[in-house]
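What follows is each chain in one-letter form.
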Amino acid sequence: MALVVGSPVSGTVVGLSGVSDPVFAAAMVGPGTAVDPVRAPGHVCAPVAGVLRKLKPHAFIVVTDDGHGVLVHLGIDTIRLDGAGFRLIATEGDWVAAGEPVVAWDPAEVATRGFSPICPVIALDATDDVLSDHSKHGPVEAGEPLFSWN
Amino acid sequence: MEPEPNQPDQPARPALGKARAIIDGLGGAQNILEIEPCITRLRTEVRDGTLVSESALKSAGVHGVSRRGTIVQVIVGPEADVLAQDIEDQLAAEEDQF
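All of the points below concern the structure found in this document.

Thresholds, definitions, all that
- Residues numbered from 1 in each chain as written.
- Chains lettered and ligands numbered in written order.
- Predicted model: local features only at pLDDT ≥ 70, side-chain atom pairs only at ≥ 80, totals over all residues.
- Heavy atoms only, no water.
- Buried < 20%, exposed > 50% of the residue type's maximum accessible area, 1.4 Å probe, protein only.
- Helix = DSSP H or I, 4+ residues; strand = E, 2+ residues; numbered from the N terminus.
- Pairing = 2+ DSSP bridges.
- Salt bridge = Lys/Arg side-chain N within 4 Å of Asp/Glu carboxyl O.
- Core = buried A, V, L, I, M, F, W, Y, C linked by side-chain atoms within 4.5 Å.
- Contact = heavy atoms within 4.5 Å.
- Expected span 1.5 Å × (residues − 1).
- Arc of directions from axis to C-beta.
- Buried area = accessible area lost by both parts, 1.4 Å probe.
- Polar contact = N/O pair within 3.5 Å; in protein donor to acceptor, adjacent residues only side chain to side chain.

**Details of the pairing of strand E3 (residues 32-37) of chain A**
Along any regular strand the residues' side chains alternate between the sheet's two faces.
All names here are of chain A.
Next up, step 1: With five of its six residues buried, E3 lies for the most part within the structure.
Next up, step 2: As judged from the three bridges shared by strand E2 (residues 11-13) and E3, these two strands associate in the antiparallel manner. Bridged to Val13 within E3 is Val35.
Next up, step 3: Summarising the sheet, E3 and strand E11 (residues 119-123) pair through four bridges and their orientation is antiparallel. Bridge pairing links Gly32 to Ile122 in E11.

See the structure below:
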């Protein structure tokens, strides 16, 4: 059965081509899409159910029971913020349900600090042809489907 | 039985061989100024960007390479943390030889 990957944030789906970081834009990390978040304080949610294999203030990876890893990156080059403006809600190693809040942040603040708050959502170790709907653009609410992983 | 001492090195951990290959691809230990893991990539700063071999890095099994002058990002996937540690260990071991 296809894995449905949900949006970690509310905003506008812009696709990886809408990301200023060439590494994400060229899908070097993997295929997927990106969401330009609404500029308001909020939570970043788990896109799928699974274990939080990595958790940094600016990025996390959830791995499902059957081994699908999904990376959510909160903004571009935001490792440089060194955690400022991010608050961890979950803990690395936790099992999280899809839609469960993982990090609290304010995309407007990230933008004010000079960084793009766009969130790439990446299917790790996947190829483009196993994803569907990942080229759709437009408004999305947190938790709504972003793409399917077959 | 004792292993043959002259057998070609078969690294106990594949990652160590990969770490070595990435160091070489970045122009060797002397060329690496900084290496920092970021979830799926190694952000590195090198002394001389012309010594970096993208084809060598690709043969080392990395997903991709992105460079801007002396800043080289090596995309390795979620094993970035482990790999960065292996690389740091190897760099430290080499420094000890001098």
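**Overview of the pattern of salt bridges**
Next up, step 1: Throughout the structure, instances matching the rule amount to twelve salt bridges over all chains.
Next up, step 2: We note a salt bridge from Asp21 of chain A to Arg41 of chain B, for which the minimum N-O separation is 2.9 Å. Of this pair, Asp21 of chain A sits in the loop between E2 and helix H1 (22-25) while Arg41 of chain B sits in strand E2 (residues 41-46), placing the two residues on different chains. Side by side, Asp21 of chain A and Arg41 of chain B carry an identical accessibility label, which is buried.
Next up, step 3: Linked through salt bridges whose partners overlap, the residues forming this network are Lys54 and Lys56 of chain A together with Asp81 of chain B.

**Let's talk about the nonpolar core**
Next up, step 1: Among the nonpolar cores identified, the biggest contains 33 residues, and Val44, Leu52, Phe60, Leu74, Val102, Val103 and Trp105 of chain A are the most heavily contacted of them.
Next up, step 2: Every element with two or more residues in this core is listed here: strand E1 (3-6), strand E5 (50-56), strand E6 (59-63), strand E7 (69-73), strand E10 (101-105), E11 and strand E14 (145-149) of chain A.
Next up, step 3: The contact partners of Val44 of chain A, leaving out residues within four places of it in the chain, are Pro8, Val9, Phe60, Val72, Leu74, Glu100, Pro101, Val102, Val103 and Trp105 of chain A.
Next up, step 4: Leu26, Leu42, Ala84 and Ile87 of chain B belong to the second largest nonpolar core, which has 22 residues in total.

**Things to note about unusual backbone geometry**
All names here are of chain A.
Next up, step 1: At Asp77, a residue that is not glycine, the phi angle is positive and equals roughly 60°.
Next up, step 2: Within the secondary structure, Asp77 is located in the loop between E7 and strand E8 (86-88).
Next up, step 3: For Asp77, a relative accessible area of 29% puts it in the partly exposed group.
Next up, step 4: Phi at Asp133 is positive, roughly 70°, even though this residue is not glycine.
Next up, step 5: Mapped onto the elements, Asp133 comes out in the loop between strand E12 (131-132) and strand E13 (138-140).

**Things to note about helix H3 (residues 80-96) of chain B**
All names here are of chain B.
Next up, step 1: The end-to-end C-alpha distance of H3, which contains 17 residues, comes to 24 Å, matching closely the 24 Å that a straight helix rising 1.5 Å per residue would cover.
Next up, step 2: Taken together, the buried positions of H3 are Ala80, Leu83, Ala84, Asp86, Ile87, Gln90, Leu91 and Glu94. Buried residues along H3 cover an arc of 160° about the axis, so they all sit on one side.

**A closer look at the interface of chain A and chain B**
Next up, step 1: Every contact between the two is made by 19 residues of chain A and, on the other side, 15 residues of chain B.
Next up, step 2: Summed over both sides, the interface between chain A and chain B buries roughly 1500 Å², with carbon and sulfur atoms accounting for 58% of that surface.
Next up, step 3: Our count for the contact surface shared by chain A and chain B stands at five salt bridges.
Next up, step 4: The shortest N-O distance in the salt bridge between Asp77 of chain A and Arg43 of chain B comes to 3.2 Å.
Next up, step 5: Our count for the contact surface shared by chain A and chain B stands at three residue pairs in polar contact (both at pLDDT 80 or more).
Next up, step 6: Breaking the side of chain A that touches chain B down by element, the ones donating at least two residues are H1, E5, E6 and E7 of chain A.

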